[in-house]
Amino acid sequence: MPKLLLFDIDGTLIRTNGAGRETIRFALEALFGAAGPVETYKFSGKTDPRIIIDLMTAVGFPREEVEAKLPAVYELMAQKGQEIFAQRGMRPCTGVPELLTALRERDDVVLGLLTGNSQITAPIKLSAAGIDPDQFIVGAYGSDAMNRNELPQIGLERAKQLTGHSFNGKNTVIIGDTPADIRCARAGKAKAVVVASGWHTVEALAQYQPDHLFDDLSDTEEVLRILFAAQEND
Ligand SMILES: [Mg+2]
């Protein structure tokens, strides 16, 4: 039975240097003529639809109108991303290229993404940081559900459809960089592994009691040991 690994993107696999915020501002200004409190709003751990709805309802747009325009917002964000990501110095987080290389050599793993990004933006971001998006054969995206805690179930179902293996939380690890990733892993009954390479310190993340906490992913052997450690009823 392979292990399903679902990686968050921003702050976990790559550093985006504020480029995501720039694409949201561009898309909202184009479609709504306003971007709301985009400069001060905390993006970390939130899905794109959550961010867009919060920003636009904060300046008075009816939620229904914002929801109806979500696909158009995703489209413009992706377009802007294509244009600017390459120039924003986006790069993989420490240890990520080495870890992915090691994972590609194994046949007991199914690699996937679990991210607040929309399905069309995720591969553009990864490519801009030099990570091949095609190695992740499963994906659960912000464009699938506004509530991040619904994404594990979507990822598990897609992994089953794709591989024929019946995945559940017991053979699944969610790797992220925020308290929201830990909550989301708990919602999917998956193992929660977090890395303090994003916006949150080790001390801040420890308060949410993940199953494992890394400063960064540079010790490939140790990361592999944790990811493939036996889980309850594994
Ligand atoms: Mg993140």
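Going by the structure above, here's the rest.
Think of each chain on its own: its residues are numbered from 1, step by step along the sequence as written. Predicted model: local features are reported for residues with pLDDT of at least 70 only, side-chain atom pairs are reported and counted for 80 or more only, and whole-chain, interface and lining totals are derived from all residues.

Trainee: Kindly report on helix α8 (residues 179-187), identifying the contributing residues and their values.
Mentor: Buried within α8 are the following residues: Ala180, Asp181, Ile182, Cys184 and Ala185. Of the surrounding elements, those touching the buried residues of α8 are α7 (151-163), β6 (172-176) and β7 (191-195). A run of H or I in DSSP becomes a helix once it reaches four residues, and a run of E becomes a strand once it reaches two; helices and strands are each numbered from the N terminus. Positive backbone phi, at 55 degrees, marks Lys189, one or two positions downstream of α8. As a rule, residues whose C-beta atom has 12 or fewer other C-beta atoms within 10 Å are exposed, those with 20 or more are buried, and those in between are partly exposed; C-beta atoms are placed from the backbone. Whether two residues are in contact depends on their C-beta atoms, placed from the backbone: they are in contact if these lie within 7 Å.

Trainee: Which residues make up the environment of Lys46, and what are the values?
Mentor: On the secondary structure map, Lys46 appears in the loop between α1 (19-32) and α2 (48-58). With 101 residues separating them along the chain, Lys46 and Asn147 place their C-alpha atoms 8.2 Å apart.

Trainee: How would you explain the packing of α1 against α2 if you had to name every residue and give the values?
Mentor: Under this scheme, a helix contributes an axis fitted over its contacting stretch, all axes are lines through C-alpha atoms, and angles between N-to-C directions fall in the 0 to 180 degree range. Interhelical geometry of α1 versus α2 gives an angle of 50 degrees and a closest axis separation of 12 Å. With respect to their mutual orientation, α1 and α2 come out oblique. As for the relative orientation of α1 and α2, their crossing is right-handed in sense. Residues Ile24, Leu28 and Phe32 of α1 form the contact with α2, whose own contacting residues are Ile51, Ile52, Leu55 and Met56. Here is the rule for angles: anything less than 35 degrees is roughly parallel, anything more than 145 is roughly antiparallel, 65 through 115 is roughly perpendicular, and the remaining ranges are oblique. Each crossing is labelled by how the near helix is turned from the far one, with a counterclockwise turn of less than a right angle marking it left-handed and a clockwise turn marking it right-handed.

Trainee: With reference to specific residues and values, describe the packing of α1 against helix α4 (residues 70-84).
Mentor: For the pair α1 and α4, the least separation of the axes is 8 Å and the interaxial angle reads 130 degrees. By the angle between their axes, α1 is oblique relative to α4. Once α1 is placed against α4, the crossing between them reads as right-handed. Side by side, α1 and α4 meet where Ala19, Glu22, Thr23, Ile24, Phe26, Ala27, Leu28, Ala30 and Leu31 of the first sit next to Ala72, Val73, Leu76, Met77, Lys80, Gly81 and Ile84 of the second.

Trainee: How would you summarise the nonpolar core if you had to cite specific residues and measurements?
Mentor: Membership of the largest hydrophobic core comes to 62 residues, with the highest contact counts inside it found for Leu6, Leu13, Ile14, Leu28, Ile52 and Ile174. It is α1 that provides the largest number of residues to this core, a total of 5 residues. With residues up to four places along the chain from it excluded, the contact list for Ile174 reads Leu6, Leu114, Pro152, Asp181, Cys184, Ala185, Gly188, Ala190 and Ala192. A set of buried Ala, Val, Leu, Ile, Met, Phe, Trp, Tyr and Cys residues, joined to one another through C-beta atoms within 7 Å, is what we call a nonpolar core.

Trainee: Explain unusual backbone geometry residue by residue, including any values.
Mentor: Its identity is not glycine, yet Lys189 carries a phi of approximately 55 degrees, on the positive side. Here Lys189 is to be found in the loop between α8 and β7. Even without a glycine there, the phi angle at Gln209 is positive, about 50 degrees. Its location among the elements puts Gln209 in the loop between α9 (202-206) and β8 (212-214).

Trainee: Hey, could you go over the pairing of strand β4 (residues 109-114) for me, with residue numbers and the actual values?
Mentor: We treat two strands as partners when DSSP finds at least two bridges between them. By the bridge criterion, 5 bridges tie strand β1 (residues 3-7) to β4 in an arrangement that is parallel. Paired with Leu5 across the bridge in β4 is Leu111. Where β4 and strand β5 (residues 138-140) come together, 3 bridges link them in parallel fashion. Note on β5: the bridge partner recorded for Leu114 is Ala140. When the strands point away from the viewer, a crossover counts as right-handed if the path from the first strand over the helix to the second runs clockwise. Handedness of the β4-helix α6 (residues 122-128)-β5 crossover: right-handed.

Trainee: So what's going on with α4? Residues and values would help.
Mentor: Within an α-helix, residues lying three or four positions from one another point in the same direction, as the helix has 3.6 residues per turn. By definition here, a helix of n residues has an expected span of 1.5 Å times n minus one. Helix length check: α4 (15 residues) gives 21 Å between terminal C-alpha atoms against 21 Å at 1.5 Å per residue, within 8%. Summarising the contacts, the buried residues of α4 are in contact with α1, α2 and α6.

Trainee: Quick rundown of the environment of Glu221? Include the residues and the values.
Mentor: With respect to the helices and strands, Glu221 occurs in helix α10 (residues 220-227). Remark: the alpha-carbon pair of Glu221 and Ala58, spanning 163 residues in sequence, is separated by 46 Å.

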